[in-house]
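Here is how the chains run, residue by residue.
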Amino acid sequence: MHSRELTDTLPWLRSGTDFLLAAVDRLTDDELRRPSGLPGWSRAHVVGHLARNAEALGRLVAWARTGVQTPMYASPDQRNADIEESAVLSAGRLRDELASTAAELANALGELDDATWRTLVRSAQGRPIPATEVPWLRVREVWLHTVDLAAGAHLAELPAGVLDALMTDVCGALSGREGCPAALLWPTDRALPVLLGPEDADPVTLTGSAADLTGWLVGRGGAAGLTARDGTGTVAVPTAPRWL
């Protein structure tokens, strides 16, 4: 199991935020309105979502600090409406809100102490999690959605530790899903594999770079660059379940 200790996730969050802001700064205002790598979303949708996500995670930090239950979102419909409203803001305001909400979240995280870090809050999916997981939730957002901007960033640019933690995290989340394929994910640039799917099944061995395997897992890459083998030889690469 790869570590998701604060000593890892807080630096990943800082570097991922810098990675995101630099990518957005390279886009012209017109380019912000063009399609992203996510179906139905412009790049402005992605940026707006990231600003609203920082605020939502900030509500979990406030919950941990004060003990007052403040969920990330009032409802899925409200979350979606907020993103749509954000996507039509001016490019200047979008950029400002992306930077300011990220800074506010970082400042709020810096106010937690040993006791409040251990407070249980709830993720957007309703899972009880300690506040120590909040930076990791944001790490996933900033790194993956920078790639989703479809503006030149690639999964291979993610730090090795982030890719490793993502593989472990997503395999854990997907393995209990009905119909999840049994696969031993063996990155060609790593020393150890990660198991996906039921432990009592006979897995295919899926090889490729850590970036390609992670892309397949999180729905940001197909079978390109991957090879699947079972006891009979090469077989078709299975389809990964939808992650989030």
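Here's a quick rundown of the structure.

What counts as what
Residues numbered from 1 in each chain as written. Predicted model: local features only at pLDDT ≥ 70, side-chain atom pairs only at ≥ 80, totals over all residues. Heavy atoms only, no water. Buried < 20%, exposed > 50% of the residue type's maximum accessible area, 1.4 Å probe, protein only. Helix = DSSP H or I, 4+ residues; strand = E, 2+ residues; numbered from the N terminus. Pairing = 2+ DSSP bridges. Contact = heavy atoms within 4.5 Å. Expected span 1.5 Å × (residues − 1). Arc of directions from axis to C-beta. Axes fitted to C-alpha atoms, helices over the stretch in contact; angles between N-to-C directions. Parallel < 35°, antiparallel > 145°, perpendicular 65-115°, else oblique. Nonpolar A, V, L, I, M, F, W, Y, C, P; charged D, E, K, R; others polar.

### Details of the pairing of strand E5 (residues 204-208)
Among the five residues in E5, four count as buried, and that is most of the element. The pairing of strand E3 (residues 183-187) with E5 spans five bridges and is classified as parallel. If you follow leucine 184 over to E5, its bridge partner there is threonine 205.

### With respect to the side chain of serine 123
Mapped onto the fold, serine 123 is located in the loop between strand E1 (120-122) and strand E2 (128-130). When neighbours within four sequence positions are excluded, serine 123 is seen to be in contact with Met72 and Ile129.

### Quick word on helix H4 (residues 76-87)
If you check H4, its first and last C-alpha atoms are 17 Å apart, about what 12 residues at 1.5 Å a residue would give, namely 16 Å. Those residues of H4 not exposed but buried are Ile83, Ser86 and Ala87. In an axial view of H4, the angular spread of the buried residues amounts to 100°, which keeps them on one side of the axis. In H4, the exposed residues that point more than 90 degrees away from the buried face are Asp77 and Glu85. Summarising the contacts, the buried residues of H4 are in contact with helix H3 (43-66) and helix H5 (91-110).

### A word on the packing of helix H1 (residues 6-25) against H5
As a packed pair, H1 and H5 sit with axes 11 Å apart at the nearest point and diverge in direction by 170°. Considering their axes alone, H1 and H5 lie roughly antiparallel with respect to each other. Contact residues: Leu10, Leu13, Thr17, Leu20, Leu21, Val24 and Asp25 in H1; Arg95, Leu98, Ala99, Ala102 and Leu109 in H5. The class makeup of the residues in the contact of H1 with H5 is nine nonpolar, one polar and two charged.

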